[in-house]
Amino acid sequence: MRIPFTGPVANKRGRVVLVTGAGSGIGRAIALRQAAAGDIVIATDIDLPAAKETTTLAQGDCHAYELDVRDPGRWETLTDEIIARFGVPDILVNNAGIAVGGAFMDQTPQDWDRVMSINVYGVIHGSKIVGSKMLASGQPGHIVVIVSGAAWTPNRVAVSYSTSKAAALMITESLRSELGPKDIGVSAICPGATRTQLATHATLVTSDAETTESVRADFQSIQDRFGLASPDLVARAVQLAIRFDLAIVPVNFDATAAWVLHRIAPGLLRRICAIPTMELAEGTARKAVQYLPPSPARRHTR
């Protein structure tokens, strides 16, 4: 019987931790922090060389595997490989995600399919396949989903991203209700703007297709300068959620402020979020890059 207010695997040593999207950004920071804590980390990514780079940076036991989270067959095969070599995962961190920027009317069905296949179905496949192994083992476990403050932030510039994150949040909360009584914790980590390369890898539907690459560079510069969280701050939030079995963890100021407004003044939040358009966001980013002084060098993890 565990101590109240502690997670099911909080006190276990040498836990097997499977992290998706661990080849960069938040996923890499989580993998590095868990390996340093003495866990056996399975760093997965669709980009295997990037996952291998994570293992070379880790100060601890970290192993790289290729995983496309959209593929349930690969999830099944990989999970069986991990169990055969390391045992049933104690912790699953569903981190892999992408963004598509652009207004609702400008995004195509293909844009929506791509976002939902990774941000939503990737969570579904991983949680179901790995979660079923946790249940069958009869041992405690923990599932973490890296959601986003965008889950409660309606907007006009990345509607498919916000929608996918809202879906991921509801999946997480529903799983918590189902698996909690079976000694499997489930937590949603919700960072706001974080210094990763999300903007670099995002698909952008811009007002002028010829300027897409320059807009992408501007957005990345703004994310690097003004992101209020580092990937490692998010990784620390993951550890906190696992330690205390927390349901929802807003990570930084902007995500927390949006969460408060979403709860107590949703109409005001909608009014605020209705202000930015894609054209306004592009113009503001361009001027900020041109006229605002660079912030002090700030690290992000790839």
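Our structure is the block above this text.
Here's a quick rundown of the structure. (Residues numbered from 1 in each chain as written. Predicted model: local features only at pLDDT ≥ 70, side-chain atom pairs only at ≥ 80, totals over all residues. Heavy atoms only, no water.)

Backbone hydrogen bonds hold the strands of a sheet together, and the pairing may be parallel or antiparallel. Taken together, the seven strands give an open sheet; going across it, the order is S3-S2-S1-S4-S6-S7-S9, and neighbouring strands pair in parallel fashion. The sheet is open, and its two borders are formed by strand S3 (61-66) and strand S9 (248-250), each paired with just one other strand. The sheet shows a mean angle of 15 degrees between the axes of neighbouring strands, taken without regard to direction. Here strand S6 (residues 141-146) runs beside strand S7 (residues 184-190); their pairing, made up of six bridges, is parallel. (Pairing = 2+ DSSP bridges. Helix = DSSP H or I, 4+ residues; strand = E, 2+ residues; numbered from the N terminus. Axes fitted to C-alpha atoms, helices over the stretch in contact; angles between N-to-C directions.)

What follows is about helix H1 (residues 25-36). Look at H1: 17 Å from first C-alpha to last across 12 residues, which is about the 16 Å you get at 1.5 Å a residue. Downstream of H1 by one or two residues, Gly-38 has phi in the positive range, about 100 degrees. (Expected span 1.5 Å × (residues − 1).)

Glancing now at the environment of Asp-45. Inspection of the secondary structure puts Asp-45 in strand S2 (residues 40-45). Overall, the relative accessible area of 10% leaves Asp-45 in the buried class. A C-alpha to C-alpha distance of 9.7 Å links Asp-45 and Arg-28, two positions 17 residues apart in sequence. Sequence-distant contacts of Asp-45, defined by excluding residues within four places in its chain, comprise Gly-21, Ala-22, Gly-23, Ser-24, Ala-51, Tyr-65, Glu-66 and Leu-67. Here the side chain of Asp-45 touches Gly-23 through a polar contact of 2.8 Å, landing on its backbone nitrogen. At 2.8 Å, the side chain of Asp-45 forms a polar contact with the backbone nitrogen of Asp-47. (Buried < 20%, exposed > 50% of the residue type's maximum accessible area, 1.4 Å probe, protein only. Contact = heavy atoms within 4.5 Å. Polar contact = N/O pair within 3.5 Å; in protein donor to acceptor, adjacent residues only side chain to side chain.)

Another point: the nonpolar core. In this structure, Trp-75 and Ile-143 are the most contacted members of the largest nonpolar core, which totals 34 residues. Mapped onto this core, the elements with two or more residues apiece are strand S1 (16-19), S2, helix H3 (72-86), helix H4 (109-119), helix H5 (121-137), S6, helix H6 (159-179) and S7. Excluding residues that lie within four positions of it along the chain, Ile-143 makes contacts with Leu-92, Asn-94, Ser-127, Gly-131, Met-134, Leu-179, Ile-184, Gly-185, Val-186 and Ser-187. Ranked by size, the runner-up nonpolar core spans 26 residues in total, among them Ile-26, Val-238, Ala-241 and Val-251. (Core = buried A, V, L, I, M, F, W, Y, C linked by side-chain atoms within 4.5 Å.)

Okay, the packing of H1 against helix H2 (residues 48-57) next. Where H1 meets H2, the axes come as close as 9 Å, and the angle between the chain directions of the two elements is 35 degrees. Like other packed secondary-structure pairs, H1 and H2 cross with a definite hand, here right-handed. Touching Arg-28, Ala-31 and Leu-32 of H1 are Ala-50, Glu-53, Thr-54 and Leu-57, all from H2. (Left-handed = near helix turned anticlockwise from the far one by under 90°.)

You can see Ala-237 is positioned in helix H9 (residues 231-244). C-alpha separation for the pair Ala-237 and Ala-188, spaced 49 residues apart in sequence, amounts to 10.0 Å. Those residues in contact with Ala-237 that sit more than four places away from it in its chain are Ile-189, Val-249 and Val-251.

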